[in-house]
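Observations on the model geometry
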Amino acid sequence: MNCIIVDDEGAARMIVEQLCSKIPELDVIESFSNAMEAMKFLNQQTVDVIFLDIHMPGFTGIDFVQTLKNPPRIVLTTSDTNFAIEAYEYEAIVDYLVKPITQARFEKSIVKVKTALEKSKTPTTVTTKTASNAEDDIYINIDRRLIKLKLNEILVVEAKGDYIEVKTEKKNYRVHNTLKSIKDKLPDNMFLQIHRSYIINFTKIIDIEDNSVLIEKSVIPISRSNRPELMRRLNLL
């Protein structure tokens, strides 16, 4: 397995390299002191796993994960335990190692990485996400607390800079996450992204204009490219 290490502290990078050196199947091909350099490398090369620190100046490990379109498996290496819940919202993150990292704990992490890689190579039957084969609710992370929302109560999800706003029938929630991340968790038979900044529960549409929909009292824009799919979902084509 090819891997890279991303940590702004030289001593921390050296420790992870030493841990890796005791795993015969691990090959450290590069080590980076900042996320930007790692991103440039990943634009040219592919790896199996990244050992990634969370707290780095300018561009955190979580920021880095959010920018990766097709991320490899990621193991977070950090002295901060406060991000554990948020970390597991990202499918690519397979483990969370708290410094100082023991060899025994590191080896357990490698087992998790191997399992995740094996699953990704196993052919699976592709099915469309629906409310019938998914759960009836979703968890969102608010101030490091997991809040459960019923899917049929979610009206709109709006991207607002570095966070998203989940609007429900009862209240709105501000979540530090990406639109894509929550989109992947929502069933296709209820939700659709109709604009680069909006995902809607199309079962809640009250009215449709040429370039917008009305959900409760909110007017949501429809992009030209997404309008045909919305019409198809509503059986209006």
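Here, the structure is the one placed above.
Report on the accompanying structure. Only a predicted model underlies this, so the values are computations on that prediction, with no experimental measurement involved.

Looking at helix H2 (residues 35-42)
- When H2 is considered as a whole, its buried residues turn out to be Ala35, Ala38, Phe41 and Leu42. Down the axis of H2, the buried set is contained in an arc of 115°. They therefore lie on one face.
- Summarising the contacts, the buried residues of H2 are in contact with strand E1 (2-6), strand E2 (27-32), strand E3 (49-52) and helix H3 (61-67).

Quick notes on the environment of aspartate 188
- Position of aspartate 188 relative to the elements: it lies in the loop between helix H6 (179-183) and strand E11 (191-195).
- We classify aspartate 188 as partly exposed; its relative accessible area is 26%.
- Sequence-wise, aspartate 188 and tyrosine 96 are 92 residues apart; in three dimensions their C-alpha atoms are separated by 31 Å.

Digging into the packing of aromatic side chains
- Using the criterion set out here, one finds 2 aromatic pairs in the structure.
- Ring centres 5.4 Å apart and planes at 50° place the aromatic pair phenylalanine 32 and phenylalanine 41 in the tilted group. This pair shows no difference in class: phenylalanine 32 is buried, exactly as phenylalanine 41 is.
- One residue, arginine 174, lies across the ring of tyrosine 163, its end atom 3.7 Å from the ring centre.

With respect to the sheet that holds strand E8 (residues 154-160)
- Taken in spatial order, the 5 strands of this open sheet run E10-E9-E8-E12-E11, and their pairing is antiparallel. Each of the sheet's edge strands pairs with one partner strand only, and the pair in question is strand E10 (172-175) and E11. Looking at each pair of strands side by side, their axes are set apart by 20° on average, direction ignored.
- In this sheet, strand E12 (residues 198-201) lies alongside E11 in antiparallel orientation, the contact comprising 4 bridges. Bridge pairing links leucine 192 to isoleucine 200 in E12.

So, unusual backbone geometry
- Lysine 99 connects to proline 100 through a cis peptide bond whose omega is 0°.
- Assignment of secondary structure puts proline 100 in the loop between strand E5 (93-98) and helix H5 (103-121).
- Unlike most non-glycine residues, glutamate 216 shows phi in positive territory, near 55°.
- With respect to the element layout, glutamate 216 can be found in the loop between strand E14 (212-215) and strand E15 (218-221).

Quick look at the side chain of asparagine 177
- Structurally, the position occupied by asparagine 177 is in the loop between E10 and H6.
- At a separation of 3.3 Å, a polar atom in the side chain of asparagine 177 contacts the side chain of serine 181.
- Sequence-distant contacts of asparagine 177, that is, excluding residues within four places in its chain, are made with Gln66, Glu89, Tyr90, Asp162, Tyr163 and Ile164.

Description of the pattern of salt bridges
- Evaluated as defined, the whole model comprises 14 salt bridges.
- Measuring nitrogen to oxygen at the nearest pair gives 2.8 Å for the salt bridge that ties aspartate 95 to arginine 105. Pair noted here: aspartate 95 is in strand E5 and arginine 105 is in helix H5, with a separation of 10 residues, a long-range link.
- On the accessibility criterion, arginine 105 (29% relative accessible area) is partly exposed.
- For arginine 233, the salt bridge goes to glutamate 229, with nearest N and O atoms at 2.7 Å. On the criterion of helical spacing, the pair formed by arginine 233 and glutamate 229 is a turn pair, its members being 4 residues apart in helix H7 (residues 227-233).
- Looking at glutamate 229, the relative accessible area reads 26%, which means it is partly exposed.
- What you see here is one network of salt bridges that share partners, running through Glu158, Lys160, Glu165 and Lys167.

Re the sheet that holds strand E13 (residues 205-208)
- Taken together, the 3 strands give an open sheet; going across it, the order is E13-E14-E15, and neighbouring strands pair in antiparallel fashion. Strand pairing shows two members of the sheet lacking a second neighbour, E13 and E15, which therefore form its edges. Averaged over all neighbouring strand pairs, the angle between strand axes comes to 30°, with direction disregarded.

Criteria and thresholds
- Residues numbered from 1 in each chain as written.
- Predicted model: local features only at pLDDT ≥ 70, side-chain atom pairs only at ≥ 80, totals over all residues.
- Heavy atoms only, no water.
- Buried < 20%, exposed > 50% of the residue type's maximum accessible area, 1.4 Å probe, protein only.
- Helix = DSSP H or I, 4+ residues; strand = E, 2+ residues; numbered from the N terminus.
- Arc of directions from axis to C-beta.
- Contact = heavy atoms within 4.5 Å.
- Phe/Tyr/Trp six-rings, centres within 6.5 Å; stacked < 30°, edge-to-face > 60°.
- Lys NZ or Arg CZ within 6 Å of the ring centre and 35° of its normal.
- Pairing = 2+ DSSP bridges.
- Axes fitted to C-alpha atoms, helices over the stretch in contact; angles between N-to-C directions.
- Polar contact = N/O pair within 3.5 Å; in protein donor to acceptor, adjacent residues only side chain to side chain.
- Salt bridge = Lys/Arg side-chain N within 4 Å of Asp/Glu carboxyl O.

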